[in-house]
Amino acid sequence: MATKVASKKFKWQLDFASKSRSSGDIASPPGFNPSAGQVNSEVARDNDQSHLILKKSWDIALGPIKQFPMNLLIMYMSGNSISIFPIMMVVMMLIRPFKAMLSTGATFKVIEGVQATGQKFVYFLGNLVNVGLALYKCHSMGLLPTHASDWLAFVEPQARLEYSGGGMSLL
């Protein structure tokens, strides 16, 4: 009975005792050169390292664009009233992208090659998008001088069409 069980080979079972194994049983590992019979570890390591550097650099480049939805939500939640909290949020929204744009060289210091300029350009555009969001928020709060009366003393301010207070419209 024991000889029947020992001679039966399962699909998942490997026999390491026999010397004759066909190459079709097990796939060669990555980086194995069958003609040389040895592993090219340096080539595989260099390829993996360059791939990881490229992936990390694109993660850095796309960082400001990934921050845009969160910044948009924060600006929506802070409201349009002129108070300390929304003004602090807008100031931080303006300062952070400018600091990031000025330190682009230090951010991409480890990245070299042809794709570095494209990644820097994407990083710069992402920061400009965040600055645009902050400027739009300033405009919606009424902090930007957009009318002639904001600049010139002799020009009459823009007339309001309606005033509201207490939840009802006053004409």
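On a predicted model such as this, the values are computed, not experimentally measured, just so you know.

A.B. asks: Describe the UniProt feature "transmembrane region" (unreviewed entry) in the protein, naming the residues involved and giving the relevant values.
C.D. replies: Taking the UniProt record as the reference, the feature "transmembrane region" (unreviewed entry) is found at residues 73-95. For residues 73-95, helix accounts for 78% and strand for 0%, while the C-alpha atoms at its two ends are 18 Å apart.

A.B. asks: Before we move on, could you go through the nonpolar core and cite the residues and values that matter?
C.D. replies: In this structure, M75, M89, V90, M93, L133, A134, C138 and M141 together form the largest nonpolar core, which totals eight residues. Looking at this core, the elements that each hand over two or more residues are helix 4 (84-102) and helix 6 (115-141). Sorting elements by how many residues they give to this core places helix 6 first, with four residues. Residues in contact with M93, not counting those within four places in the same chain, are N71, M75, N130, L133 and A134. One finds A100, F108, I111 and V122 within the second-largest nonpolar core, a separate group that totals seven residues.

A.B. asks: Tell me about the layout of surface pockets, and name the residues and values.
C.D. replies: Its volume calculated, the largest pocket comes out at about 260 Å³. What lines the largest pocket is H147, S149, D150, P157, Q158, A159 and R160. Classifying every residue of the lining of the largest pocket by side-chain character gives two nonpolar, three polar and two charged.

Rules of the game
Residues numbered from 1 in each chain as written. Predicted model: local features only at pLDDT ≥ 70, side-chain atom pairs only at ≥ 80, totals over all residues. Heavy atoms only, no water. UniProt positions renumbered as here; feature names shortened; annotations may be inferred. Helix = DSSP H or I, 4+ residues; strand = E, 2+ residues; numbered from the N terminus. Core = buried A, V, L, I, M, F, W, Y, C linked by side-chain atoms within 4.5 Å. Buried < 20%, exposed > 50% of the residue type's maximum accessible area, 1.4 Å probe, protein only. Contact = heavy atoms within 4.5 Å. 1 Å grid on protein atoms, 1.4 Å probe; cavity = no way out; pocket = protein on both sides within 12 Å on 5 of 7 lines; lining within 4 Å. Points joined across faces, edges and corners; volume = space filled by probe spheres on them. Nonpolar A, V, L, I, M, F, W, Y, C, P; charged D, E, K, R; others polar.

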